[in-house]
Amino acid sequence: MKIPKPSGGVRQLGIPTVMDRLVQQSIHQVLSPVWEKEFSVFSYGFRPKRSAQDALQQALEYINSGRQWVIDLDLKSFFDRVDHDKLMNLISRKVADKTLLRLVRRYLKSGIMEGGLVQPRTEGTPQGGPLSPLLSNILLNELDRELEKRGHKFVRYADDCSIFLKSKRAAERVLASIRRFLEEKLHLEVNREKTKIVRPVNFTLLGHGFVPTYKKGERGRYQLSIAREKLGTAQRENQGNHPQDHAENGAGAHRRTEPPHEGLGQLLQTCHRLPEVQGLGRLGALYCATVSGSNGNGPGAGCGPSCKWAWRRAGRGVLPTPAWEAGPSPAARLWAQR
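Residues numbered from 1 in each chain as written. Predicted model: local features only at pLDDT ≥ 70, side-chain atom pairs only at ≥ 80, totals over all residues. Heavy atoms only, no water.

Caption draft 1: Broad picture of the overall build of the protein chain. Within the protein chain, the regular secondary structure consists of eleven helices and eleven strands. Taken across its 338 residues, the protein chain has 44% of its residues classed as buried. Within the protein chain, residue pairs in contact and separated by at least 24 positions form 61% of the contacts whose partners lie at least 6 positions apart. For the protein chain, the accessible area works out to roughly 18800 Å², and carbon and sulfur atoms hold 51% of it. (Helix = DSSP H or I, 4+ residues; strand = E, 2+ residues; numbered from the N terminus. Buried < 20%, exposed > 50% of the residue type's maximum accessible area, 1.4 Å probe, protein only. Contact = heavy atoms within 4.5 Å. Areas by Shrake-Rupley, 256 points an atom, 1.4 Å probe, with all protein chains shown as cover.)

Set out below in structure tokens:
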């Protein structure tokens, strides 16, 4: 089956049968303990006792330590381009059972049925099965070891790899050498259009962005926030799923259009007091001030410090009521101009 990618195009999934899934899970449980001892501590994807939150916190630590030039590495169609011979060579270094090796190769070469026809596979790992994440980590562990050998600071979650450096010149040099390593040693293609060198404010990792703390004495320090494109997606989804209220009298039935950002505003009001998402909290404060947490003249009774921060930034302007009918509030316009 095919599913759309957020960045465009489609991702092809190979869903195994029940019996194949059982066998693949058994192989995973045998191979995973063997390879866990070899994997890098800076690899976080599809591993026990590791999560996306751990990867985000490690990236934030690098950025706040002064490594504020980031190589955002993108591998072009990684799961579709894994070299079978290279992968099997790596597995055979740790596994001596020839029967198990043959079984893993058979799964790698298993075709995908589409439209009643089986398409042969000569490269790549079929996504959708329990074994695919482990196989991808085994191959990309070679990249981790190369980065560690060179002394670079990095975070990898599955095929998303980010390298943190102190200068743009160093980042350009490292990007060129790592690109050669991936293409010549691992036979993987780097997406030259999407791979880029960015500053923290333009860097997105696992749906999160990095924004300055705006605190006195903390110049150059950043904190996590929800990426803007994710907030835009939430807004669009919220606009298309509002309940329609009808009057009890059929003759006078009417629709009441909900404000397009009310649901998201309520979500952000709930979240804005959590310290680990303070970047989201400031946006939540703006919604809190413009939707339901305020009387239009100042922070509402239940507003926290981030709401008061938003009002200080917005000045003493009176918010229109209701805000969505009269256009963006001063606070919302201020946020958009940042």
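Caption draft 2: Molecular detail of the pairing of strand β11 (residues 222-226). In terms of burial, β11 is largely enclosed, as four of its five residues are buried. Where strand β10 (residues 208-212) lies against β11, five bridges are found, and the strand directions are antiparallel. Directly across from phenylalanine 210, in β11, lies its bridge partner leucine 224. (Pairing = 2+ DSSP bridges.)

Caption draft 3: Local environment of the sheet that holds β10. Taken together, three strands build an open sheet; the order of strands is β9-β10-β11 and the sheet is antiparallel. Strand pairing shows two members of the sheet lacking a second neighbour, β9 (204-205) and β11, which therefore form its edges. Looking at chain direction, β9 and β10 are connected through two bridges and run antiparallel. Residue leucine 205 lies in a different strand from β10, and its bridge partner there is histidine 208.

Caption draft 4: Fine view of helix α2 (residues 52-64). Over its 13 residues, α2 runs 18 Å from end to end, which matches the ideal 18 Å to within 8%, given 1.5 Å per residue. Those residues of α2 not exposed but buried are Ala55, Leu56, Gln58, Ala59, Leu60, Tyr62, Ile63 and Asn64. Note on α2: the residue one or two positions beyond its end, glycine 66, has a positive phi of about 110 degrees. (Expected span 1.5 Å × (residues − 1).)

Caption draft 5: View of the packing of aromatic side chains. Throughout the structure, instances matching the rule amount to eight aromatic pairs. Here phenylalanine 42 and tyrosine 62 contribute two aromatic rings whose centre-to-centre distance is 6.3 Å and whose plane-to-plane angle is 50 degrees, an arrangement assigned as tilted. Linking phenylalanine 42 in the loop between α1 (18-36) and α2 with tyrosine 62 in helix α2, this pair joins segments that are 20 residues apart in sequence. Their ring planes at 75 degrees and their centres at 5.0 Å tell us that phenylalanine 78 and phenylalanine 79 sit as a pair that is edge-to-face. One exposure class covers both phenylalanine 78 and phenylalanine 79, and it is buried. Members of the aromatic cluster, joined through ring pairs, are Phe42, Tyr62, Phe154, Phe164, Phe203 and Phe210. Positioned over the ring face of tryptophan 69 is arginine 199, at 4.4 Å from the centre of the ring. (Phe/Tyr/Trp six-rings, centres within 6.5 Å; stacked < 30°, edge-to-face > 60°. Lys NZ or Arg CZ within 6 Å of the ring centre and 35° of its normal.)

Caption draft 6: Representation of the nonpolar core. Residues Ile91, Ile138, Leu143, Ile163 and Leu182 are the most contacted members of the largest nonpolar core, which totals 42 residues. Those elements that place two or more of their residues in this core are α1, β3 (69-73), α3 (84-92), α4 (98-109), α5 (132-149), β7 (160-165) and α6 (168-184). When sequence neighbours within four positions are dropped, the list of residues in contact with leucine 182 reads Leu73, Leu75, Leu143, His187, Leu188 and Val190. Counting residues in each nonpolar core, the second largest holds 16 residues, with Ala55, Ile63, Phe203 and Phe210 among its members. (Core = buried A, V, L, I, M, F, W, Y, C linked by side-chain atoms within 4.5 Å.)

Caption draft 7: Looking closely at the sheet that holds strand β8 (residues 196-198). Read across the sheet, four strands follow the order β6-β7-β3-β8 without closing on themselves; strand pairing throughout is antiparallel. Both edges of this open sheet fall to β6 (153-157) and β8, since each of them pairs with a single strand only. Within the sheet, the average angular offset between the axes of one strand and its neighbour, ignoring direction, is 20 degrees. Both β3 and β8 contribute to a ladder of three bridges, which runs antiparallel. From the neighbouring strand, valine 70 faces β8, where its bridge partner is valine 198. Sitting on the sheet, α5 is in contact with β3, β6 and β7, with an inclination near 170 degrees to β6. Each of β3, β7 and β8 is contacted by α6, which is oriented at about 25 degrees to β3, the strand it contacts most. (Axes fitted to C-alpha atoms, helices over the stretch in contact; angles between N-to-C directions.)

Caption draft 8: Just α3, in detail. Among all positions of α3, only His84, Lys86, Leu87, Met88, Leu90 and Ile91 are buried. Of the surrounding elements, those touching the buried residues of α3 are α1, α4 and α5.

Caption draft 9: Up close: the pattern of salt bridges. Tallied over the entire structure, the rule returns eleven salt bridges. A salt bridge links glutamate 36 to arginine 47, with the nearest nitrogen and oxygen atoms 2.8 Å apart. Remark: arginine 47 occurs in the loop between α1 and α2 and glutamate 36 occurs in helix α1; sequence separation between them is eleven residues. A single burial state applies to glutamate 36 and to arginine 47, both of which are buried. Several salt bridges share partner residues, and in doing so they unite Lys76, Arg81 and Glu189 into one network. (Salt bridge = Lys/Arg side-chain N within 4 Å of Asp/Glu carboxyl O.)

None of this, on its own, says anything about what the molecule does.
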